[in-house]
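# Summary of the model geometry
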Amino acid sequence: MATAAGEISGAIRDEDADRSRATRALQALNFFMADMQAGIGPFLGVFLQQRGWTAGPIGTVMTAGGVAGMVMTVPAGAMIDATEKKRLIVIVTGICTVMASFLILLSQSGWVVTVSQVATAIAGAAIGPAVTGMTLGIVRQRGFNAQNGRNQAWNHAGNMVGAGLSGWLGWRFGMPAIFYLAAAFGLLAILCVLSIPERAIDHDAARGLETKGGDGADAAGAAQGFRALLDNRPMLILAAALACFHLGNGAMLPLYGLAVVGAGKGNPALFTATTVMVAQGVMVITSLLAMRMAAGRGYWLVLLISFAALPLRGALAGSFIEHWGVWPVQALDGIGAGLQSVAVPGLVACLLDGTGRVNVGQGAVMTVQGVGASLSPAIGGWLAQALGYRVAFYVLGSFALASLALWIGFAAVLRPACAGAREEQAA
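Another point: the overall build of the protein. Secondary structure assignment for the protein yields 19 helices and zero strands. Long-range pairs, those at least 24 residues apart, make up 85% of the contacts in the protein with a sequence separation of at least 6. For the protein, the accessible area works out to roughly 16300 Å², and carbon and sulfur atoms hold 66% of it.

This next bit is on the pattern of salt bridges. Applying the stated criterion to the full structure yields six salt bridges. Here arginine 87 and glutamate 198 are joined by a salt bridge, their closest N and O atoms 3.2 Å apart. Taken as a pair, arginine 87 in helix α5 (residues 86-106) and glutamate 198 in the loop between α7 (176-194) and α8 (203-206) lie far apart in primary sequence, 111 residues in all. Here the residues in one salt-bridge network are Glu15, Asp16 and Arg19, joined through shared partners.

When two helices pack together, their arrangement is captured by the angle between the axes and the distance separating the axes. Their axes nearest at 8 Å, the elements helix α13 (residues 299-319) and helix α17 (residues 400-409) cross at an angle of 155°. Between α13 and α17, the angle falls in the class roughly antiparallel. Judged by the sense of rotation from one axis to the other, the crossing of α13 with α17 is left-handed. For the pair formed by α13 and α17, the contact residues are Trp300, Leu303, Leu304, Phe307, Ala308, Leu310 and Pro311 on the first element and Ala400, Leu401, Ser403, Leu404, Trp407 and Ile408 on the second. Of the residues belonging to the contact of α13 with α17, the class tally is 12 nonpolar, one polar and no charged.

Here the structure, examined in full by the defined rule, presents zero disulfides. Here cysteine 418 stays free of any disulfide, with the sulfur of cysteine 350 as its closest cysteine sulfur at 9.2 Å. Judged by relative accessible area, cysteine 418 falls into the buried class, the value being 2%.

Another point: a nonpolar patch on the surface. Taken together, the side chains of Val67, Val71, Met72 and Ile122 present a nonpolar region at the surface, about 280 Å² in accessible area. Residue placement: valine 71 occurs in helix α4 (residues 55-82).

Right, let's talk about the environment of valine 112 for a bit. By the secondary structure assignment, valine 112 is in helix α6 (residues 110-173). When its relative accessible area of 8% is taken as the criterion, valine 112 is described as buried. A C-alpha to C-alpha distance of 9.3 Å links valine 112 and alanine 100, two positions 12 residues apart in sequence. Once residues within four sequence positions are removed from consideration, valine 112 is found in contact with Leu103 and Ser107.

Residue position: methionine 283 is located in helix α12 (residues 268-297). Exposure remark for methionine 283: the relative accessible area of 5% places this residue in the buried category. Measuring from C-alpha to C-alpha, the distance between methionine 283 and glycine 338 comes to 4.3 Å, with 55 residues separating the pair along the chain. Setting aside residues no more than four positions away along its own chain, methionine 283 makes contact with His156, Asp333, Gly334, Ala337 and Gly338.

Definitions and cut-offs
- Residues numbered from 1 in each chain as written.
- Predicted model: local features only at pLDDT ≥ 70, side-chain atom pairs only at ≥ 80, totals over all residues.
- Heavy atoms only, no water.
- Helix = DSSP H or I, 4+ residues; strand = E, 2+ residues; numbered from the N terminus.
- Contact = heavy atoms within 4.5 Å.
- Areas by Shrake-Rupley, 256 points an atom, 1.4 Å probe, with all protein chains shown as cover.
- Salt bridge = Lys/Arg side-chain N within 4 Å of Asp/Glu carboxyl O.
- Axes fitted to C-alpha atoms, helices over the stretch in contact; angles between N-to-C directions.
- Parallel < 35°, antiparallel > 145°, perpendicular 65-115°, else oblique.
- Left-handed = near helix turned anticlockwise from the far one by under 90°.
- Nonpolar A, V, L, I, M, F, W, Y, C, P; charged D, E, K, R; others polar.
- Disulfide = S-S within 2.5 Å.
- Buried < 20%, exposed > 50% of the residue type's maximum accessible area, 1.4 Å probe, protein only.
- Patch = residues over 30% accessible without salt bridge, like charges linked within 9 Å, V, L, I, M, F, W, Y side chains within 5 Å.

Here you go:
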């Protein structure tokens, strides 16, 4: 009897140790995975501008990548739900992202840059759901809001540090040095993934079957993902509001960098790094605040504040195309994106808990919001080329007014659905 009790106690200690090690590795992974998700990200526009590209074609190739990522999010979510090789997916996609970024160093021809952006977007479509699934599988539904908040804080901190290093390296050694930093971050992220114990991941919990057992069928690709979206009215409203928000937000950061650098008011590498560092620094704080706010007030208020930040950001960006304008413009980006980075995955996990379709649902929401995000660079780029940067910023910022209208107009439906984190905290 005593021996059996000792074995049970030892098993519990081992499980707790695995979970503790896994959560620390998750946080480190989120710190280093920024470059795996987006390649050289906002530095791409300035890099291409220095090599003779104009705003319109830059926006178009970014949109091509956005469309590719949008198309792949639901299949990627279905694959994450179905597979127990989530760590391997992160490793393979990370390697592919770094290799795709290096393609641009070899050639800046239109088709090479487009292929690179498409490959990066496809890899990014898989990395996000894979890390979300691993997090849910390690800490379960009850611990997801808190752990996701910490993950996002570490992710934004990694973005901030990476942007600072990129800016310094780009200024000191030239823009190509940024690509080598991305490769180093990718290697460290892979090491972090390997340090997560496989036995710490409950793959049923990772797909939202913790409470109902493993009786769900395997995920069935894009159609299953869209059905999960359309059968859940709050999730449909969420996706539509996010699509409108990202239609305006997606192009704002790279376009603001192009506007200021093009006017000769900032060093290309250092200014672009500053735009990222300011936003990510604010996101570190807002992601932790979002975690606490969601636990106390639910997700509805968190997302309402995030949508309200974009119209103000667009107005400021259009009014002040100056080097110092990066502080208020990107601080507002940090508020909007930082709050959403915690609230959106947490809300989707709550809405689909028990369905076995959590990651397909994450992919479905990402697909619909990706319609906005993928069109934004092209719309913003051609608006800037035809009407000027100021008009482009005003128009982009106005798109979030539709998000606010949806979120407030359907508040009676959304408020109960968005109370998930508060109910888990009470439990």
